[in-house]
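# Summary of the model geometry
Residues per chain, in single letters:
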Amino acid sequence: MFADYLTDDFDADVFKIKHYLTSRGCLVLKGPEASTISITLAPTPVSRSKVNRLREIQPLLNRILDKISLDYDVVVENLEAPAQTDEYCRNLLEIYKETRGDKNPITVGLHRHDFMLHQEDATSSKTKYKMVEFNLAAVSLFCFADGVSKYHKTVINKLDLPTKEDLQPATVQLAMGLKTGYDAYVSRYPSTRRPVVAMVYDDKSLTNYFDQQGLMNAVEDLGIPTLRLTIEEVTEKTMINGKNKLIYDNVTEIAIIYLRVLYDPSHYSSPKVWEARRRMELSDAVSVPNVRHQIVNTKIFQMLLAQRHILSRYTDKSNVDQLLEIFGDVLPLTLDKEGDENARKGLLHPDKFVLKPQREGGGNNLWGREMVEALEKMKGSPERTRFILMRVLSPPVLKNRFLRNGDEVTEILDTKSEIGLYSTYCVVDGSEVRNENAGILLRTKLSTDNEGGVAAGFSVIDSPYLV
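Residues numbered from 1 in each chain as written. Predicted model: local features only at pLDDT ≥ 70, side-chain atom pairs only at ≥ 80, totals over all residues. Heavy atoms only, no water.

### Quick notes on the pattern of salt bridges
This is how it is decided: Basic side-chain nitrogens of Lys or Arg form a salt bridge, by our definition, when they fall within 4 Å of a carboxyl oxygen of Asp or Glu. A helix here means a DSSP run of H or I that spans at least four residues, while a strand means a run of E at least two residues long, and both kinds are numbered starting from the N terminus. Burial here depends on accessible area, computed with a 1.4 Å probe over protein chains only, as a share of the maximum for the residue type. Under 20% is buried, over 50% is exposed, and the range in between is partly exposed.
Within the structure shown, the criterion is met by 27 salt bridges. Put simply, Arg 278 and Glu 98 hold a salt bridge, and the shortest N to O gap is 2.7 Å. Of this pair, Arg 278 sits in helix α10 (residues 271–282) while Glu 98 sits in helix α5 (residues 87–99); the two residues are 180 residues apart in sequence, bridging distant segments of the chain. Owing to a relative accessible area of 27%, Arg 278 belongs among the partly exposed residues under this scheme. Under the relative-accessibility criterion, Glu 98 is labelled partly exposed at 41%. When the shortest N-O distance is used, the salt bridge between Glu 281 and Arg 277 registers 2.9 Å. Residue Glu 281 and its partner Arg 277 are both found in helix α10; the two are separated by 4 residues, about one turn of the helix. Taking relative accessible area as the criterion, Glu 281 reaches 12% and is therefore assigned buried. Each of the salt bridges in this network shares a partner with another, and the network as a whole consists of Arg 112, Asp 114, Glu 418 and Arg 443.

### Looking at the packing of α5 against α10
The line we're drawing: Where helices are involved, their axes are fitted lines through C-alpha atoms of the stretch in contact, as for all axes, and angles between N-to-C directions lie from 0 to 180°. Comment on the angle field: the value is read as roughly parallel under 35 degrees, roughly antiparallel over 145, roughly perpendicular from 65 to 115, and oblique elsewhere. Whether a crossing is left-handed or right-handed is set by the direction in which the near helix is turned from the far one by less than a right angle, anticlockwise for left-handed and clockwise for right-handed. Residue contacts are counted whenever heavy atoms from the two residues lie within 4.5 Å of one another. In this classification, Asp, Glu, Lys and Arg are treated as charged, Ala, Val, Leu, Ile, Met, Phe, Trp, Tyr, Cys and Pro as nonpolar, and every other residue, Gly included, as polar.
Remark: α5 packs on α10, axes separated minimally by 10 Å, with the N-to-C direction vectors making an angle of 30°. Accordingly, the angle class assigned to the pair α5 and α10 is roughly parallel. Handedness of the crossing formed by α5 with α10: right-handed. Residues Tyr 88, Asn 91, Leu 92, Ile 95, Glu 98 and Thr 99 of α5 pack against Trp 274, Arg 277, Arg 278, Glu 281 and Leu 282 of α10. Here the residues of the contact of α5 with α10 are counted per class, giving 5 nonpolar, 2 polar and 4 charged.

### Regarding unusual backbone geometry
Residue Pro 289 follows Val 288 across a cis peptide bond; omega there is 5°. By the secondary structure assignment, Pro 289 is in the loop between β12 (286–288) and α11 (291–296). Positive phi values are uncommon outside glycine, yet Asp 160 reaches one of about 55°. Mapped onto the elements, Asp 160 comes out in the loop between α6 (142–158) and α7 (170–188). Look at Asp 160 and you get exposed, because its relative accessible area is 67%. A positive phi angle is found at Leu 262, which is not glycine, with a value near 70°.

### Looking at the environment of Val 76
Assignment of secondary structure puts Val 76 in helix α4 (residues 72–83). Taking the relative accessible area as the measure of exposure, Val 76 reaches 11% and is therefore buried. Through-space distance from the C-alpha of Val 76 to that of Arg 228 is 33 Å; in sequence the pair is 152 residues apart. Ignoring any residue separated from it by four or fewer positions in sequence, one finds Val 76 in contact with Leu 93, Tyr 96 and Lys 97.

### With respect to empty space enclosed by the protein
Which entries qualify depends on this criterion: Only protein atoms enter the calculation, which uses a 1 Å grid: trapped sets of points that fit a 1.4 Å probe without letting it out are cavities, open sets showing protein on both sides within 12 Å along at least five of seven lines are pockets, and any residue with an atom within 4 Å of a point is a lining residue. Grid points are joined across faces, edges and corners, and a volume is the space filled by probe spheres set on the points.
Counted under the stated rule, the structure contains 5 cavities of 30 Å³ or more. Put simply, the largest cavity is a space of about 140 Å³. In terms of lining residues, the largest cavity is bounded by 16 residues, among which Gly 101, Lys 103, Asn 104, Glu 281 and Asn 290 are the most central. Sorting the residues of the lining of the largest cavity by element identifies α5, β5 (106–118), α10, β12 and α11 as the ones contributing at least two each.

### Examining helix α14 (residues 317–326)
Operational definition: Taken from the helix axis, the directions to the C-beta atoms give the arc we talk about.
Among the residues of α14, those classed as buried are Asn 319, Val 320, Leu 323 and Ile 326. Down the axis, α14 shows its buried residues gathered within 125° of arc, on one side only. Looking at α14, the residues exposed on the side facing more than 90 degrees away from the buried face are Lys 317 and Ser 318. Buried-residue contacts for α14 involve α3 (48–69), β5, β6 (128–133) and α13 (308–311).

### Digging into the packing of aromatic side chains
To describe a pair of aromatic rings, one takes the distance between the centres and the angle between the planes. Our working rule: Ring geometry is summarised as follows: Phe, Tyr and Trp rings, the Trp one being its six-membered ring, pair when their centres sit within 6.5 Å, and such pairs are stacked at plane angles under 30 degrees, edge-to-face over 60 and tilted between the two. Remark: a charge is flagged as sitting over a ring if the NZ atom of Lys or the CZ atom of Arg is within 6 Å of the ring centre and within 35 degrees of the ring normal.
Within the structure shown, the criterion is met by 11 aromatic pairs. With a centroid separation of 6.0 Å and 75° between ring planes, the pair formed by Phe 142 and Tyr 422 is classed as edge-to-face. Residue Phe 142 is found in helix α6, and its partner Tyr 422 is found in strand β20 (residues 413–428); the two are separated by 280 residues along the sequence. Side by side, Phe 142 and Tyr 422 carry an identical accessibility label, which is buried. Aromatic rings pair up to connect Tyr 88, Tyr 268 and Trp 274 into one cluster. Sitting over the face of the ring of Tyr 72, Arg 100 holds its NZ or CZ atom 3.6 Å from the ring centroid.

Coordinates in, geometry out; function isn't part of it.
Shown next, in the form of structure tokens:
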């Protein structure tokens, strides 16, 4: 579809493309300098019917994840083993136990669930989407997804291809999700001063500053005041007042505290940071994500929900069959006969599995020889329970070209893509008040690459051309 277009000489167009991306805020910070993000030069054709099916299950997934996060016994039982050797899991679990997982009557989620097309048989063209992972914490790249989609629209127009404008801009929809929670908070807790939506970010890693600020701008456009706080500021300058409100710098009441950080152990440089995380959860402020959503964001819960007898506790049988078809093979590495057998599968077939820890943010997975070495080292050790084994997916290979770092145009490449569907979720006093799709992210990388992080330089931002 875009084959002839990709053979063009793009060198003369680089300047125009860079400025278009800049006008859309598609920039990353590298030290004091900003550069345009890396993108595909053409959108990737994606099946409309398959994407629509994924859209249909997003609200269902959000509901199930919320339900299992409220199942106190299941959460505690399944997190206690990895918590023995994982301080991050242990501290999250302690906060969860203290709040019983459901202290705050308002829940807000900005989610992105990621999928990849899988080809079971290399001789067949039949494919189906399989789950890569849930993302309930610090989802990102939505502003970039919106901007690249707009750029690719100019390509589609240039080629005079048919198009149907049915993809929602993610940033505005995610801002609406925060507004739903904000309005619920203001209604419940009237105040003489308007509270704010505060975003907590890592000032030591400002790569995605423009993506983060794009969402805050969208929230401001809805008439809601915002505030950017570093980890240090939220640690040193927030407190809970006598009315259980979260207050910044003795003056500003925080209604929503949106976390773009604190999803990785490296973000907790001292016990004070953990105390700040606890303080957020104990106050009336709405943490996005809250601790229970942050917990079920770990890989162990993806593994649990891929089991029929667990999944059936939280939804109807008709939904179970539908979801199990989409969930990939996720295997536990518990210290028992089943875990030993799964580890043996990984050792015997390192090309067919990937080892994943209870971590987010990309670059944490172990493949091939590294996976084998880790499994051998962890044999019989409780440390093994911190990981899951997941079957590697085999997506179809498509042709595309990349514009890297705003100046390097690649040759035509063999690529594979991963699709992420954003959604917003809000529950107030046990009643679901928002559960909606909120745009699409497509990340594309070389067909030979395993890891897919955009910040790490593996993947570039793409957009789907629905066919």
